[in-house]
Amino acid sequence: MSFEYISGSLHWDNTDLSGLTENIAQLLKEKYAYTGAYYLYNTDIFLQRASLFEKYFPDDYFYYSVKSLSNIHFLSHLSHKEQFGTDVVSSGEMVRAARAGFQGERIVFAGVGKTAAEIQLGIDMQIHSFHVESLAEIRLIGQISSDIQKNARISLRINPDVHVDTHKHITTGKEENKFGLALKEIPAALDLIKSFSHVSLVGIQSHIGSQILDHQPYLNTLGKLTPIAKEIEKTGFPLEYISLGGGFGIDYKQNPYSKKIPEEFSLETLSNGLHAFRPLPWKLYFEPGRFISAPSGVLITNVTYKKDKNGFSIAITDAGMGDLMRPALYGAVHPIFPVREKHQISKVDIAGPICESTDYFSRQTESPELSEGDRLAILHAGAYGATMGSIYNTRPLIPEVAFDHTGTISVIRRPQTLDELLTLEMQ
Ligand code: LLP
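Residues numbered from 1 in each chain as written. Predicted model: local features only at pLDDT ≥ 70, side-chain atom pairs only at ≥ 80, totals over all residues. Heavy atoms only, no water.

## Things to note about the overall build of the chain
Next, step 1: In terms of helices and strands, the chain carries 12 helices and 21 strands.
Next, step 2: At 23 Å, the chain has a C-alpha radius of gyration in line with the 22 Å of a compact globule built from 427 residues.
Next, step 3: With the principal axes as the frame, the chain shows a C-alpha extent of 70 × 55 × 45 Å.
Next, step 4: Within the chain, the proportion of its 427 residues that are buried is 55%.
Next, step 5: Within the chain, residue pairs in contact and separated by at least 24 positions form 70% of the contacts whose partners lie at least 6 positions apart.
Next, step 6: Roughly 18600 Å² of accessible area belongs to the chain as shown, and the carbon and sulfur atoms make up 51% of that amount.
Next, step 7: Between the mean site of the 40 positive side-chain charges and the mean site of the 49 negative ones, the chain shows a separation of 2 Å. (Helix = DSSP H or I, 4+ residues; strand = E, 2+ residues; numbered from the N terminus. Rg over C-alpha atoms; globule rule 2.2 N^0.38 Å. Buried < 20%, exposed > 50% of the residue type's maximum accessible area, 1.4 Å probe, protein only. Contact = heavy atoms within 4.5 Å. Areas by Shrake-Rupley, 256 points an atom, 1.4 Å probe, with all protein chains shown as cover. Lys, Arg positive; Asp, Glu negative; His and termini not counted. Charge placed at Lys NZ, Arg CZ, Asp CG, Glu CD.)

Okay, here's the thing in structure tokens:
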């Protein structure tokens, strides 16, 4: 997976993005009278990244984190891979996964705030497991399952209290986070589970954070979970699996001029480190999202205006923070490059059209000189891009387009129309 300029045109692996985006611009215009920004995905990369898990963990299972990139196009591709299931966090994602071809037994349901309606749906769909995060949630699942006399499979999401080096907004495995059960709550959780007729405990899980580059915290987590799993089994609960969650990070700095090997999470190193624990008496699960989806997508946007300031300029794009929220929300940095190469470098801020002072994609950085009408690619935007989109400022959701090595271009989500957006408010 790489970006480079060849003959002045940005190439994504072997695909010439200036040619491809020209064709897509025409297609969107003719078919939908649409001329704005859109997400562009490379389906081959998505599948290659997924198969890296199959390669390095041939005996394990992967519950793909739907929230990272949830388009049915990708989920249905994944559904053909036997080692893959889905990790969902809402009834919306549960139904989405089912529509894409995942039966309930291939769905795990995480989240601190599952509602009664969501629990009922999960039980009806006979999902693989609820990853429970509190004693109160166990009580609610226990009650609902005995009321309707149907079995609910659950796993304890345990907060392992391990240190992880990542952005403070996306760490989850520390004691102070809202996620998971504290270690000292486990005995009470087990007592509670015993008191319900239709709840079975099938596993334990931890998710320690996101965009993690070091394999060691995963080994530390497994080191903590293994004795816990043994203790739980001694109290009469045979377990099927341990899930180590997701969080495998990518190299957001990779760009057309960086010739370095990507500094991303090494699945190979983790795989080697795990040998010390194998054979494990339980199945091992992972819940990757970003590692698979981030490198599979870019956001294509056009420069609408250029404003000259004192010593720098601002390029205003037709995409905004409602379309890609990560820079505004986390200060995340995504490399931005014109699809037609520019050799002159200058100080350009790149900002969206939304009425918010944080609506910037990049600030005070050196960038290729930009002009009105330039088409830009915002890189590594496949994860937590489209899925975090919002209609703030009454801006409809932008389309998603996928291509692959066969040359097929598919509009996998058409542009939302203003009528569709407003119709919910019509009396
Ligand atoms: N499993 C659980 C229980 C999770 O909460 C998450 C992500 C994952 C798996 C997948 O993590 P991944 O492999 O994608 O890192 N919006 C933020 C990231 C939020 C992650 C939430 N949990 C961002 O844009 O960086």
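## Topic: the sheet that holds strand β2 (residues 9–12)
Next, step 1: As summarised here, the arrangement of the three strands in space is β1-β2-β3, forming an open sheet in which the pairing is antiparallel. In this open sheet, the two edge strands, each paired with only one partner strand, are β1 (3–6) and β3 (15–16).
Next, step 2: Bridge count between β2 and β3: two bridges; the pairing is antiparallel. Among the inter-strand pairings, Trp12 is bridged to a residue of β3, identified as Thr15. (Pairing = 2+ DSSP bridges.)

## A look at the domain arrangement of the chain
Next, step 1: Split into domains, the chain comes out as domain 1 (3–42 + 295–422) and domain 2 (110–288).
Next, step 2: Centre-to-centre, using C-alpha coordinates, domain 1 lies 35 Å away from domain 2.
Next, step 3: Overall, the association of domain 1 and domain 2 removes approximately 1100 Å² of surface from exposure, summing both partners, and the carbon and sulfur fraction of that is 60%.
Next, step 4: It is Tyr330, Phe337 and His380 in domain 1 that bury the most area against domain 2; as a group they hold 40% of the surface buried on that side.
Next, step 5: Taken together, the links from domain 1 to domain 2 amount to zero salt bridges.
Next, step 6: Our count for the domain 1 to domain 2 interface comes out at two residue pairs in polar contact (both at pLDDT 80 or more).
Next, step 7: For the side of domain 1 that touches domain 2, the elements supplying multiple residues, two or more each, are β1 and α11 (326–330).
Next, step 8: A breakdown of the residues in the side of domain 1 that touches domain 2 according to their chemical character gives 10 nonpolar, two polar and four charged. (Domains from an automatic or database assignment. Buried area = accessible area lost by both parts, 1.4 Å probe. Salt bridge = Lys/Arg side-chain N within 4 Å of Asp/Glu carboxyl O. Polar contact = N/O pair within 3.5 Å; in protein donor to acceptor, adjacent residues only side chain to side chain. Nonpolar A, V, L, I, M, F, W, Y, C, P; charged D, E, K, R; others polar.)

## What about the pattern of salt bridges?
Next, step 1: Under the definition given, this model contains 15 salt bridges.
Next, step 2: In this structure, Arg375 engages Glu22 in a salt bridge whose closest nitrogen and oxygen atoms are separated by 3.2 Å. Of this pair, Arg375 sits in strand β19 (residues 375–378) while Glu22 sits in helix α1 (residues 17–32), and the two are 353 residues apart along the sequence.
Next, step 3: With a closest N to O distance of 2.6 Å, Lys114 and Glu137 form a salt bridge. You can see Lys114 sitting in the loop between β7 (107–109) and α5 (116–124) and its partner Glu137 sitting in helix α6 (residues 135–148), a full 23 residues away along the chain. For the pair Lys114 and Glu137, one class covers both residues: buried.

## Focus on the site of the ligand
Next, step 1: Close to the ligand lie 19 residues, the nearest being Ser210, Gly247, Glu287, Arg326 and Tyr384.
Next, step 2: At 3.3 Å from a nitrogen atom of the ligand is found a side-chain nitrogen or oxygen belonging to Asp87.
Next, step 3: One of the side-chain N or O atoms of His207 is found 3.5 Å from a nitrogen atom in the ligand.
Next, step 4: For the ligand, whose unbound accessible area comes to 590 Å², protein coverage reaches 91%.
Next, step 5: The class makeup of the residues in the shell around the ligand is six nonpolar, seven polar and six charged.
Next, step 6: Counting only domains with at least three residues in the shell around the ligand, you end up with domain 1 (3–42 + 295–422) and domain 2 (110–288). (Near = heavy atom within 4 Å.)

## Observations concerning the nonpolar core
Next, step 1: Membership of the largest hydrophobic core comes to 113 residues, with the highest contact counts inside it found for Leu40, Phe130, Leu156, Ile204 and Ile232.
Next, step 2: Sort the elements by how many residues they give to this core and helix α8 (residues 216–234) lands first, with seven residues.
Next, step 3: There are two domains that each give this core at least three residues, and those are domain 1 (3–42 + 295–422) and domain 2 (110–288).
Next, step 4: With sequence-adjacent residues up to four places away left out, Leu40 is seen in contact with Trp12, Leu17, Leu20, Thr21, Ile24, Ser296, Gly297, Val298, Ile300, Val401 and Phe403. (Core = buried A, V, L, I, M, F, W, Y, C linked by side-chain atoms within 4.5 Å.)

## A look at the packing of helix α2 (residues 43–56) against helix α9 (residues 267–274)
Next, step 1: Interhelical geometry of α2 versus α9 gives an angle of 25° and a closest axis separation of 10 Å. In terms of axis orientation, α2 runs roughly parallel to α9. Crossing hand, α2 versus α9: right-handed. Along the contact surface, α2 presents Leu52, Phe53 and Tyr56, while α9 presents Leu267, Glu268 and Ser271.
Next, step 2: Broken down by class, the residue content of the contact of α2 with α9 amounts to four nonpolar, one polar and one charged. (Axes fitted to C-alpha atoms, helices over the stretch in contact; angles between N-to-C directions. Parallel < 35°, antiparallel > 145°, perpendicular 65-115°, else oblique. Left-handed = near helix turned anticlockwise from the far one by under 90°.)

## Remarks on the packing of aromatic side chains
Next, step 1: Under the definition given, this model contains 24 aromatic pairs.
Next, step 2: Centroid distance Phe46 to Phe74: 4.6 Å. Interplanar angle 40°. Geometry classified as tilted. In this pair, Phe46 sits in helix α2 while Phe74 sits in helix α3 (residues 72–79), placing the two residues 28 residues apart along the sequence. Side by side, Phe46 and Phe74 carry an identical accessibility label, which is buried.
Next, step 3: Aromatic side chains Tyr218 and Phe248 sit 4.9 Å apart centroid to centroid with 25° between the ring planes, which places their arrangement in the stacked category. A residue pair is termed long-range when its members are at least 10 positions apart, and Tyr218 in helix α8 and Phe248 in the loop between β11 (241–243) and α9 qualify at 30 residues.
Next, step 4: Overall, Tyr218 belongs to the buried group, its relative accessible area being 0%.
Next, step 5: Taking the ring centre of Phe109 as reference, the NZ or CZ of Lys114 above it sits at 5.6 Å. (Phe/Tyr/Trp six-rings, centres within 6.5 Å; stacked < 30°, edge-to-face > 60°. Lys NZ or Arg CZ within 6 Å of the ring centre and 35° of its normal.)

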